[in-house]
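Read off the chains here:
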Amino acid sequence: MAFPHRPDAPELPDFSMLKRLARDQLIYLLEQLPGKKDLFIEPDLMSPLDRIASVSILKQHEVDKLYKVENKPVLSTNEQLCFLVRPRIKNMRYIANLVNADKSAGRTRKYKVIFSPQKFYACEMVLEEEGIYGDVSCDEWAFSLLPLDVDLLSMELPEFFRDYFLEGDQRWINTVAQALHLLSTLYGPFPNSYGIGRCAKMSYELWRTLEEEEESETKSRRPEIGHIFLLDRGKKRLRELPNRPPSALQGSVDFGPEVTSSEKSLKVLLNADDKVFSEIRNEHFSNVFGFLSQKARNLQAQYDRRRGMDIKQMKNFVSQELKGLKQEHRLLSLHIGACESIMKKKTKQDFQELIKTEHALLEGFNIRESTSYIEEHIDRQVSPIESLRLMCLLSITENGLIPKDYRSLKTQYLQSYGPEHLLTFSNLRGAGLLTEQAPGDTLTAVESKVSKLVTDKAAGKITDAFSSLAKRSNFRAISKKLNLIPRVDGEYDLKVPRDMAYVFSGAYVPLSCRIIEQVLERRSWQGLEEVVRLLNCSECAFTDTTKEDRASSESLRLILVVFLGGCTFSEISALRFLGREKGYRFIFLTTAVTNSARLMEAMSEVKT
Amino acid sequence: MNRTKGDEEEYWNSSKFKAFTFDDEDDELSQLKESKRAVNSLRDFVADDDDDELERVSWSGEPVGSISWSIKETAGHSGSTQEGREQLKNQSRNSFSSYAQLPKPSSTYSLSSFFRGRTRPGSFQSLSDALSDTPSKSYAPELGRPKGEYRDYSNDWSVSDTVRRLRKGKVCSLERFRSLQDKLQLLEEAENMHDGNVITAVLIFLKRTLSKEILFRELEVRQVALRHLIHFLKEIGDQKLLIDLFRFLDRTEELALSHYREHLNIQDPEKRKEFLKTCISLPFSAEDSAHIQDHYTLLERQIIIEANDRHLESAGQTEIFRKHPRKASILNMPLVTTLFYSCFYHYTEAEGTFSSPINLKKTFKIPDKQYVLTALAARAKLRAWHDVDALFTTKNWLGYTKKRAPIGFHRVVEILHKNSAPVQILQEYVNLVEDVDTKLNLATKFKCHDVVIDTYRDLKDRQQLLAYRSKVDKGSAEEEKIDAILSSSQIRWKN
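Residues numbered from 1 in each chain as written. Chains lettered and ligands numbered in written order. Predicted model: local features only at pLDDT ≥ 70, side-chain atom pairs only at ≥ 80, totals over all residues. Heavy atoms only, no water.

1. Some thoughts on the overall build of chain A
The secondary structure content of chain A amounts to 25 helices and 14 strands. Counting every position in chain A, which comprises 608 residues, the buried fraction comes to 63%. The contacts of chain A with a sequence gap of at least 6 include a subset with a gap of at least 24, amounting to 78%. (Helix = DSSP H or I, 4+ residues; strand = E, 2+ residues; numbered from the N terminus. Buried < 20%, exposed > 50% of the residue type's maximum accessible area, 1.4 Å probe, protein only. Contact = heavy atoms within 4.5 Å.)

So this is what it looks like as structure tokens:
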């Protein structure tokens, strides 16, 4: 409604092909085990699978019963078992137990393991160790790109974040490279590439290797997508920790009874197919009310037209318009219900206080007050994830917590949520998300050299001065450099957003989005050296532009943004906004759609 | 439920307080409500045959027919599902036609490069109908079954070829790399490739063919590979080798944490306690050592309390357990929860017992603030208003009593309200809130009429008092009180 795309905005490529491709591959794999079989599905694969195939398709290919892979005794009596799993050790152990139990019961069945998106050698090793290698056949289902929306592709690999950024395991880099290779095979080469972060660089290099190995066909195609931008959630990178005053609902949402105004709750997939949703999704939340009320009035008016119709008109109305109106009616009541429930949550408890604290942290004032707010949050045993998120936000914006605060917050956290969270804290420290300021540690080499040159007495003072300088965190420097916190005179009018900050109610522009904007403007990292240095990425910011005459001006305004480690809906909304402003279209490829709470959960050792 | 809803509306209509970003003049919530009314009013007209429009949803919320739904169904009946199978048969019959009509794969895009070298003629027979118009294009992934055909018996692959084949997921023997130099070259090549799966594959080989000492020594200078090995050992649960590795690397803290992590896998409380005891002496930082010690002490306490209380509860002699049966065991709960529990069930116990709140407070050095918050929540839940009162009453040296709250009285009020304290009690604490605006806000929100009225009187705010009069019930005592104040000649109103 409020902001349509510019008329010259390029068309998006058709990604539904990816779904068809994945489905056909799966069918092909199922056919490899002819005859009736029971299918065991990894819970994490269920919802992606639901989006590309249906039970009836599975049935058609002789899948008899469906089971979830979980730690329960298997009741299946089928002679053929097929497992559709992520390549995880615990799945291998599950399968091994099952096969070995069959063996000792003298039972022979056929087993097939389909790894998605690929198998790992560690998994095969476990199968070998458990003595069932050869008893089970292994296949790969390279389903790594799920179109969640017309412009959003998800790899559905939330573990990417923890595996790479916490454990340093590069196992998914090949998966990313393969996915990029698939895209360039289908949609032509990308003439311009940019990236930042070590993981981004490695993925890019491996992908290039793949391309070179199978060069001929890709190269001859006309590029459809002009730019590719890879960025990873590196250590020093600010993740989207601020809470998002929900600009709208996104993705798949569980609507409880209070929303559907019926007894059942409903799982709804929200994307551009939902007409009401497609119009409100990028709106700031405060705009949604007006829009919905307008819609409701229109709908009422359209229904009212039926009064005073003659029979023929009525017949026409019923046959042509009624269905559409009903559909709209259904969607509308759903979204109104959802808004109501969000409103309730927003006005309840201390949402205001929470937002106030987050803004204070971002801007760096009232640190003491914010710290004691977090403390109280912990003491009252309010959501453990929320408490962690606030602590991380404090740590990132302040370059680590003051040791005294760190100790006391940690102690209280362990007391409130359980001592085993000691492990969570160690993880967060490892990932650089929650750290302690080490006095003196923050001095750079140059600074310490300088202080050595002056006399001892003065040195003390200078060191003090430097450390106070260094304490002014990287975040603040970057934020200032890139103007992440826009200065606003007067009220920020959310109905007429001025910049990408609208996704955080005008308070903050997501760092990743600002970087993308700046690089696209310059077509390189030139002039951003200082920012790159502050991000600690001097060695892993890259540009690679090829002269591509065949690229149409349309394709040059299509940009594929690859988020390694996940992206948030705030970032997506912000970039969609940027696209509308500049006449670009963005395509998002992410390892998973995430939010700060999910990141925190990934770091948490204690699964709830 | 209705009451809270009413309260909220009241709050929204009466409060000057505006929610963040909801700064529109016309109240958005009422706008929303209006839209809802409009839509609902259409429901009668629409509802007649709406069923076919709505997605059918199972009780658990998944759309009927979805895969997740279907799995729950299997789990549910697991045995005889004649009816379900019948239903599914119908479903598949219904959908067969729809599948046949699926858009054909577009043939303009070549995928053959994708699967090049992996397809053999004749492998698509079963799919021929689904892929009818793609005679030369294959959408098929590599098969597991004919793996043997790809197995490479030649031993001449170079290091880089070997690594490339590994990356493609092909079985490839590493046995011929016997010299340490070859092995390390292999590792290096894998690292340069960036594929973690290949790095791990090489590491599995190195782990098997090198002695621990040599492996550790070589990895110490190869950080990327080292992190892969650590993650691999964590995943397969080779705790022993992991500990050896940390010891070799002199990473004492990681060693300690890794050992401590094990306790999560021990279910039996006694065994877990004994295990935690062994953790105390591990080389943690001084700070963490104290946490581990606390963890052990806490579990030790919980075991004692649990045994004792289970006994008391089953004996049925103790009133508190009869009135409020325990919902869960206290074992492995956080300290604050334990404190809440002990404030709930053992509030009056002498300091000497393990289960007394004061004892917990002392043993674990629980800060005052935390203690008061928890005790307040527990006593309010029991509606023990007298205890609540005592919690905040302090005597000064002259013997005067005074109310003091380390957490701020606005918090106290909120907690009391959450536990549905009566208005008289709430009123008392609302009155203790220092900031006038907060006080008015809370009093309005929680309908402490007296406080609101008195505050406006003290502020000499006639207008607000008049406005408030319209909100109290007609003919109520509150109205009378407002009238009396308004007609009083003693007050010099400011407006």
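That was the structure; now back to the text.
2. A look at the overall build of chain B
Assigned secondary structure in chain B consists of 26 helices and two strands. In chain B, which comprises 495 residues, the share counted as buried stands at 45%.

3. Overview of a nonpolar patch on the surface
Residue and element names in this part refer to chain B. Residues Trp-397, Leu-398 and Tyr-400 make up a contiguous nonpolar surface patch of roughly 480 Å² in combined accessible area. By the element assignment, Tyr-400 lies in the loop between strand E1 (393-395) and strand E2 (401-403). By relative accessible area, which is 56% here, Tyr-400 ends up exposed. (Patch = residues over 30% accessible without salt bridge, like charges linked within 9 Å, V, L, I, M, F, W, Y side chains within 5 Å. Areas by Shrake-Rupley, 256 points an atom, 1.4 Å probe, with all protein chains shown as cover. Salt bridge = Lys/Arg side-chain N within 4 Å of Asp/Glu carboxyl O.)

4. As for unusual backbone geometry
Note that the residue after Ser116(A), namely Pro117(A), is joined by a cis bond; omega there is 0°. Note that Pro117(A) resides in the loop between strand E4 (110-115) and helix H5 (121-129). The phi torsion at Gln381(A) lies on the positive side, around 55°, for a residue other than glycine. Structurally, Gln381(A) is set in the loop between helix H15 (367-379) and helix H16 (384-397). Judged by relative accessible area, which is 32%, Gln381(A) ranks as partly exposed. Look at Lys447(B): it is not a glycine, yet its phi comes out positive at around 60°. Looking at where Lys447(B) falls in the secondary structure, it is placed in the loop between helix H23 (436-445) and helix H24 (449-459). According to the relative accessible area criterion, Lys447(B) is partly exposed, its value standing at 36%.

5. Describing the pairing of strand E1 (residues 37-41) of chain A
All names here are of chain A. The buried fraction of E1 is high, at five of five residues. Because side chains alternate across E1, one face comprises the buried residues Lys-37, Leu-39 and Ile-41, and the other comprises Asp-38 and Phe-40, equally buried. Pairing of E1 with strand E2 (residues 63-68) involves four bridges; the strand directions are parallel. Looking at E2, one finds that Leu-39 is bridged to Leu-66. Pairing of E1 with strand E3 (residues 80-85) involves four bridges; the strand directions are parallel. Bridge pairing in E3 links Leu-39 to Cys-82. (Pairing = 2+ DSSP bridges.)

6. Structural notes on the domain arrangement of chain B
As assigned here, chain B comprises domain 1 (157-250), domain 2 (264-366), domain 3 (382-447) and domain 4 (448-494). Measuring from the centre of the C-alpha atoms in domain 1 of chain B to the corresponding centre in domain 4 of chain B gives 81 Å. (Domains from an automatic or database assignment.)

7. Quick notes on the sheet that holds E4(A)
Residues and elements named next belong to chain A. Within the open sheet, the five strands sit side by side as E2-E1-E3-E4-E5. Their pairing is parallel. Across the chains shown, the open sheet's two edge strands, defined by having one partner strand only, are E2 and strand E5 (136-140). Ignoring strand direction, the axes of neighbouring strands in this sheet form an average angle of 20°. As defined by bridge partners, E4 adjoins E5 across five bridges and the pair is classed as parallel. Looking at E5, one finds that Tyr-111 is bridged to Val-136. (Axes fitted to C-alpha atoms, helices over the stretch in contact; angles between N-to-C directions.)

8. Focus: the side chain of Asp151(A)
All names here are of chain A. Structurally, Asp-151 can be placed in the loop between strand E6 (146-149) and strand E7 (152-154). At a separation of 2.9 Å, a polar atom in the side chain of Asp-151 contacts the side chain of Arg-576. Those residues in contact with Asp-151, other than ones at most four positions away along the chain, are Leu-12, Arg-576, Phe-586, Ile-587 and Phe-588. (Polar contact = N/O pair within 3.5 Å; in protein donor to acceptor, adjacent residues only side chain to side chain.)

9. Here's the deal with the UniProt feature "domain: Vps16 C-terminal" (unreviewed entry) in chain B
Per the UniProt annotation, the sites labelled "domain: Vps16 C-terminal" (unreviewed entry) are residues 179-282 of chain B. Annotated as residues 179-282 of chain B, this span is 81% helix and 0% strand, and its ends, taken at the C-alpha atoms, are 38 Å apart. (UniProt positions renumbered as here; feature names shortened; annotations may be inferred.)

10. Description of helix H8 (residues 180-193) of chain B
Taking 1.5 Å as the rise per residue, H8(B) with 14 residues should run 20 Å; its terminal C-alpha atoms sit 20 Å apart, in good agreement. Taken together, the buried positions of H8(B) are Lys183(B), Leu184(B), Leu186(B), Leu187(B), Ala190(B), Glu191(B) and Met193(B). Buried positions along H8(B) lie against helix H8 (198-213) of chain A together with helix H7 (159-167), helix H9 (196-209), helix H10 (212-220) and helix H11 (223-236) of chain B. Looking at the residues trailing H8(B), positive phi occurs at His194(B), about 75°. (Expected span 1.5 Å × (residues − 1).)

11. Some thoughts on the nonpolar core
Residues and elements named next belong to chain A. Membership of the largest hydrophobic core comes to 217 residues, with the highest contact counts inside it found for Phe-83, Trp-141, Leu-183, Leu-560 and Phe-586. The leading source of residues in this core is helix H7 (residues 173-187), at nine residues. Excluding residues that lie within four positions of it along the chain, Trp-141 makes contacts with Ala-22, Gln-25, Leu-26, Leu-29, Leu-49, Ile-52, Leu-84, Ile-114, Phe-115, Ser-116 and Pro-117. (Core = buried A, V, L, I, M, F, W, Y, C linked by side-chain atoms within 4.5 Å.)

12. So, empty space enclosed by the protein
Tallying each qualifying case throughout the model produces 12 cavities of 30 Å³ or more. Space inside the second largest cavity adds up to approximately 110 Å³. Together, Thr411(A), Leu414(A), Gln415(A), Pro419(A), His291(B), Asp294(B), His295(B), Leu298(B), Leu335(B) and Phe364(B) line the second largest cavity. Residue assignment for the lining of the second largest cavity shows that the elements contributing at least two residues are helix H17 (403-417) of chain A together with helix H15 (286-315) of chain B. (1 Å grid on protein atoms, 1.4 Å probe; cavity = no way out; pocket = protein on both sides within 12 Å on 5 of 7 lines; lining within 4 Å. Points joined across faces, edges and corners; volume = space filled by probe spheres on them.)

13. Considering the packing of aromatic side chains
Following the criterion strictly, the structure yields 29 aromatic pairs over all chains and no others. For the ring pair Phe409(B) and Tyr429(B), a centre distance of 6.1 Å and an interplane angle of 35° mean the geometry is tilted. You can see Phe409(B) sitting in helix H21 (residues 409-418) and its partner Tyr429(B) sitting in helix H22 (residues 423-430), a full 20 residues away along the chain. Note on accessibility: Phe409(B) and Tyr429(B) belong to one class, buried. Positioned above the aromatic ring of Trp207(A) is the side chain of Arg208(A), whose terminal nitrogen or guanidinium carbon lies 5.2 Å from the ring centre. Stacked on the ring of Phe177(B), the Lys or Arg Arg176(B) has its end atom at 4.6 Å from the ring centre. (Phe/Tyr/Trp six-rings, centres within 6.5 Å; stacked < 30°, edge-to-face > 60°. Lys NZ or Arg CZ within 6 Å of the ring centre and 35° of its normal.)

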